[in-house]
Amino acid sequence: MSQTCQHRDTVNEVTPSALGCEECLKTGGWWVHLRLCRSCGHVGCCDDSPNRHATAHFHATRHPIIEGYDPPEGWGWCYVDEMEVDLPDQTPQRGPIPRFI
């Protein structure tokens, strides 16, 4: 039996909050990959990055679904259900995103 994500109704069309990891840009940090919160548009760094800001955003807000975002990759992940999620669309980049690794 195939499991289905129960949080797809939280996916919104969003505007990315920054041209890179929002917190890393403020603190001078760096990232490996970016993740976009599909509830609010927060851009955070992945769990392979030193500060793991996307996961920290999930723990702070409980916004469950992220999108791979550098370049826009179009895949989704639900933190709550720990599974990939098919997204209804792909969020376009607002401009060039710097690469750190």
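Above this text sits the structure in question.
Residues numbered from 1 in each chain as written. Predicted model: local features only at pLDDT ≥ 70, side-chain atom pairs only at ≥ 80, totals over all residues. Heavy atoms only, no water.

Caption draft 1: Representation of the overall build of the protein within the structure. Per the secondary structure count, the protein includes two helices and five strands. Helices (α) and strands (β) of the protein occur, in sequence order from the N terminus, as α-β-β-α-β-β-β. Here the C-alpha atoms of the protein give a radius of gyration of 13 Å, agreeing with the 13 Å that 2.2 N^0.38 yields for 101 residues. With the C-alpha coordinates aligned to their principal axes, the bounding extent of the protein is approximately 45 × 25 × 20 Å. Within the protein, buried positions represent 47% of all 101 residues. (Helix = DSSP H or I, 4+ residues; strand = E, 2+ residues; numbered from the N terminus. Rg over C-alpha atoms; globule rule 2.2 N^0.38 Å. Buried < 20%, exposed > 50% of the residue type's maximum accessible area, 1.4 Å probe, protein only.)

Caption draft 2: Spatial organisation of the side chain of Thr-55. By the secondary structure assignment, Thr-55 is in helix α2 (residues 53-61). According to the relative accessible area criterion, Thr-55 is buried, its value standing at 15%. Of the polar contacts made by the side chain of Thr-55, one reaches the side chain of Tyr-79; its length is 3.3 Å. In this structure Thr-55 touches Asp-47 and Tyr-79, once residues within four positions along its chain are discounted. (Polar contact = N/O pair within 3.5 Å; in protein donor to acceptor, adjacent residues only side chain to side chain. Contact = heavy atoms within 4.5 Å.)

Caption draft 3: The nonpolar core, seen in detail. Among the nonpolar cores identified, the biggest contains 10 residues, and these are Val-14, Cys-21, Cys-24, Trp-31, Leu-34, Leu-36, Val-43, Cys-45, Tyr-69 and Ile-97. Going through the elements one at a time, β1 (34-37) and β2 (43-45) are the ones with two or more residues in this core. Counting residues in each nonpolar core, the second largest holds seven residues, with Val-11, Cys-78, Met-83 and Val-85 among its members. (Core = buried A, V, L, I, M, F, W, Y, C linked by side-chain atoms within 4.5 Å.)

Caption draft 4: Fine view of the packing of aromatic side chains. Evaluated as defined, the whole model comprises one aromatic pair. An angle of 15° between the planes, with centres 4.7 Å apart, marks the rings of Phe-58 and Tyr-79 as stacked. A residue pair is termed long-range when its members are at least 10 positions apart, and Phe-58 in helix α2 and Tyr-79 in the loop between β4 (72-78) and β5 (83-86) qualify at 21 residues. Overall, Phe-58 belongs to the buried group, its relative accessible area being 5%. (Phe/Tyr/Trp six-rings, centres within 6.5 Å; stacked < 30°, edge-to-face > 60°.)

Caption draft 5: Highlighting the sheet that holds β1. Read from one edge of the open sheet, five strands run β2-β1-β3-β4-β5, paired in antiparallel fashion. Edge positions in the open sheet fall to β2 and β5, since each of these has one partner strand only. Across the sheet, the axes of successive neighbouring strands diverge by a mean angle of 40°, strand direction being ignored. Sitting on the sheet, α2 is in contact with β1 and β2, with an inclination near 120° to β2. (Pairing = 2+ DSSP bridges. Axes fitted to C-alpha atoms, helices over the stretch in contact; angles between N-to-C directions.)

None of the figures reported here should be taken as evidence of function without further support.
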